[in-house]
Amino acid sequence: MFEYAPAPESRDVVDLKSSYGLFINGEFVDGSGTPFKTVNPATEETLAEVATASSDDVDRAVQAARKAFGVWSALPGAERAKYLFRIARIIQERARELAVLESLDNGKPIRESRDVDVPLVAAHFFYYAGWADKLEYAGFGGAKPLGVAGQVIPWNFPLLMLAWKIAPALACGNTVVLKPAETTPLTALLFADICRQADLPPGVVNIVTGAGETGAAVVAHPDVNKVAFTGSTEVGRIIARTVAGTGKKLTLELGGKAANIVFDDAAVDQAVEGIVNGIFFNQGHVCCAGSRLLVQESIQEELLAALKRRLGTLRLGDPLDKNTDIGAINSAEQLAKIRRLSDLGESEGAERWSPACELPGKGFWFPPTLFTGVAQSHSIAREEIFGPVLSVLTFRTPAEAVEKANNTPYGLSAGVWTEKGSRILWMADRLRAGVVWANTFNKFDPASPFGGFKESGFGREGGRHGLEAYLEV
């Protein structure tokens, strides 16, 4: 196999500041909590010091959003659309800067942040800009905006999750207080600068940074009308208890343990690419990752041989190298969880395999890993690892595949690989998952709704359905 020459993306396109404040009422201001440092997970170098919002800071942000709501919600939809279109175009203009900053702060390969994350971010703002003046035709009657939306987003897709939440909220006439993840706040703060560049009215979007206490203050604030959260099921339960009985509207997009189901008539090479994309994309830091491979028993050996060959070609290393397939794990805490669950998989009797892979000396790294001989009762088949770890199980009949795929407390996504359209429809009708991909995986479109069942949460983001979460219906 030929060797790749390094193809690093330049860091010079990003103007990294030594410290960042909160974004409240259209201005960057100091936080009253203890500042924290955000680090590059590939090198462990400190990127910047970031302000922590106290409950008083959160209150200032909510009051700014409440004041702006009167003006923003009164604008005609076509006028709100102009701002969203402007934001989308600025995101496109600053796409390289956003992609580099996302890879620096998150650890994901630049190829993914450049070709997937940032284009989808712009697409979501374009899409919901189109809805802003058509809400009366969305099928929700004469729906009105809710008010102030409190939004808490995770670290795996920092900028994309921001777009998923802010774009529909603004299109519907709401204002926003958003809390990004503690380990990945920088692109949200750059987005705040984009809001200023777009001349968005002060207070319409507010960004408060910090850890769990800051997010809890946003969720619990009495003047927040709507809470949207993406993250772990454990935190989702806490949020649900917090808002119960308050009258706040709530959407939760939580964990997953998706099954990627390959039948004996599937195109093997195509399925292998889908399996790799399903679990090793973004280092497996994907709530809908295809972390359980269900392969029909008759093709298990052939498929696993092809999959192992393919894993041997993946390149792990510098996230800013355009050749990199697998970047850094986002944090030391997440790396420790992946290691613990992988070690548990071995101790419970599953067979572990990784390709020859030299890990960098600094940073947080984990090789692409698959487990065979996995039983339904194994922890690695039931718990969300949220890393580049694939558990392989087998099945004989479609009915068995459905039973095994649904044998999980989660219900976010699934994939089906077969040449028979009738089988795809039969499976999709029986799989208890919010999204079922056919002969592909991890494909997203702003016009398509996304969300789960059971412990994967409730409500939908994206598409016309995503409007409902931000309207009185």
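Residues numbered from 1 in each chain as written. Predicted model: local features only at pLDDT ≥ 70, side-chain atom pairs only at ≥ 80, totals over all residues. Heavy atoms only, no water.

Undergrad: I'd like a rundown of the overall build of the protein, residues and numbers included.
TA: Secondary structure assignment for the protein yields 15 helices and 22 strands. Its C-alpha atoms give the protein a radius of gyration of 22 Å, near enough to 23 Å, the size a compact globule of 473 residues would have. With 473 residues in all, the protein has 59% of them scored as buried. Total accessible area on the protein stands at roughly 18,100 Å², and carbon and sulfur atoms take up 50% of it. (Helix = DSSP H or I, 4+ residues; strand = E, 2+ residues; numbered from the N terminus. Rg over C-alpha atoms; globule rule 2.2 N^0.38 Å. Buried < 20%, exposed > 50% of the residue type's maximum accessible area, 1.4 Å probe, protein only. Areas by Shrake-Rupley, 256 points an atom, 1.4 Å probe, with all protein chains shown as cover.)

Undergrad: Report on the side chain of Asp 325, specifying residues and quantitative values.
TA: Structurally, Asp 325 can be placed in the loop between α10 (300-311) and α11 (332-347). A relative accessible area of 18% means that Asp 325 is categorised as buried. Reaching out from Asp 325, the side chain makes a polar contact with the side chain of Arg 111 at a distance of 2.7 Å. The residues contacting Asp 325, other than those within four sequence positions of it, are Pro 109, Arg 111, Glu 112, Thr 313, Leu 314 and Arg 315. (Polar contact = N/O pair within 3.5 Å; in protein donor to acceptor, adjacent residues only side chain to side chain. Contact = heavy atoms within 4.5 Å.)

Undergrad: Outline the pattern of salt bridges, listing residues and values.
TA: Applying the stated rule across the entire model yields 24 salt bridges. Across the pair Arg 396 and Glu 297 runs a salt bridge whose closest N-O atoms are separated by 3.1 Å. With a gap of 99 residues between them, Arg 396 in the loop between β16 (389-395) and α13 (398-406) and Glu 297 in the loop between β13 (292-296) and α10 connect regions that are remote in the sequence. By sharing partners, the salt bridges in this structure join Glu 27, Arg 94, Glu 97, Asp 193 and Arg 196 into a single network. (Salt bridge = Lys/Arg side-chain N within 4 Å of Asp/Glu carboxyl O.)

Undergrad: Requested: an account of the nonpolar core, with residues and values cited.
TA: Residues Ile 91, Phe 125, Phe 191 and Leu 307 are the most contacted members of the largest nonpolar core, which totals 112 residues. The leading source of residues in this core is helix α5 (residues 158-171), at 11 residues. In contact with Ile 91, other than residues within four places in its own chain, are Leu 98, Val 118, Val 121, Ala 122, Phe 125, Phe 191 and Ile 194. Core analysis: the second largest hydrophobic core is formed by 28 residues, Ile 261, Leu 393, Leu 431 and Ala 433 among them. (Core = buried A, V, L, I, M, F, W, Y, C linked by side-chain atoms within 4.5 Å.)

Undergrad: Lay out the environment of Ser 377 with the relevant residues and their values.
TA: Structurally, Ser 377 is set in the loop between β15 (369-372) and α12 (379-382). When the C-alpha atoms of Ser 377 and Arg 11 are compared, they prove to be 46 Å apart, with 366 residues separating the residues in sequence.

Undergrad: Residues and numbers for the pairing of strand β4 (residues 36-39), please.
TA: Side chains Phe 36 and Thr 38 of β4 all project onto a buried face; the interleaved residues Lys 37 and Val 39 project onto a face where none is buried. Of the strand pairs in this sheet, β4 and strand β5 (residues 46-50) are connected by 4 bridges, and their pairing is antiparallel. Bridging from a neighbouring strand, Lys 37 pairs with Glu 49 of β5. The turn joining β4 and β5, which pair antiparallel and follow one another in sequence, is formed by 6 residues; a positive phi near 70 degrees is taken by Glu 44. (Pairing = 2+ DSSP bridges.)

Undergrad: Go over helix α2 (residues 77-93), please, and point to the residues and values.
TA: One turn of the α-helix equals 3.6 residues, which is why residues spaced by three or four share an orientation. Compared with an ideal rise of 1.5 Å per residue, which puts 17 residues at 24 Å, α2 spans 24 Å between its outermost C-alpha atoms and is within 8% of the ideal. Taken together, the buried positions of α2 are occupied by Gly 77, Arg 80, Ala 81, Tyr 83, Leu 84, Ile 87, Ala 88, Ile 90 and Ile 91. Looking at the packing, one finds that the buried side of α2 touches α1 (55-74), α3 (95-106), α4 (110-131), α5 and α6 (186-197). (Expected span 1.5 Å × (residues − 1).)

Undergrad: Mind laying out the pairing of β5, listing which residues take part and the relevant values?
TA: Two elements, strand β1 (residues 19-20) and β5, share 2 bridges in a ladder whose sense is parallel. Paired with Ser 19 across the bridge in β5 is Glu 49.

Undergrad: Go over the sheet that holds β5, please, and point to the residues and values.
TA: Pairing is mixed in the open sheet, where 3 strands are placed in the order β1-β5-β4. Looking at which strands have only one partner, the edges of the open sheet turn out to be β1 and β4. In the packing of α6 onto the sheet, the strands contacted are β1, β4 and β5, and the crossing angle to β5 comes to about 60 degrees. (Axes fitted to C-alpha atoms, helices over the stretch in contact; angles between N-to-C directions.)

Undergrad: Which residues make up the packing of aromatic side chains, and what are the values?
TA: Scanning the model with the defined rule gives 13 aromatic pairs in all. Seen from their ring centres, Phe 23 and Phe 28 are 5.1 Å apart, and the 55 degrees between their planes marks the pair as tilted. Judged by relative accessible area, which is 3%, Phe 23 ranks as buried. With relative accessibility at 30%, the residue Phe 28 sits in the partly exposed group. Put simply, the rings of Trp 164, Trp 437, Phe 441, Phe 444 and Phe 450 touch in pairs and so form one group of aromatic residues. The ring of Phe 453 carries the charged tip of Arg 432 above its face, separated from the ring centre by 4.0 Å. (Phe/Tyr/Trp six-rings, centres within 6.5 Å; stacked < 30°, edge-to-face > 60°. Lys NZ or Arg CZ within 6 Å of the ring centre and 35° of its normal.)

Undergrad: Tell me what's going on with the sheet that holds strand β18 (residues 413-417), and back it up with residues and numbers.
TA: If you walk across this open sheet you meet the 7 strands as β14-β15-β16-β13-β12-β18-β19, and the pairing is mixed. Here the strands that pair on one side only, and so sit at the sheet edges, are β14 (351-353) and β19 (435-438). The average undirected angle you get between the axes of adjacent strands in this sheet is 20 degrees. Contacts between α10 and the sheet are confined to β12 (259-262), β13, β14, β15 and β16, with β13 contributing the most and set at about 140 degrees to the helix.

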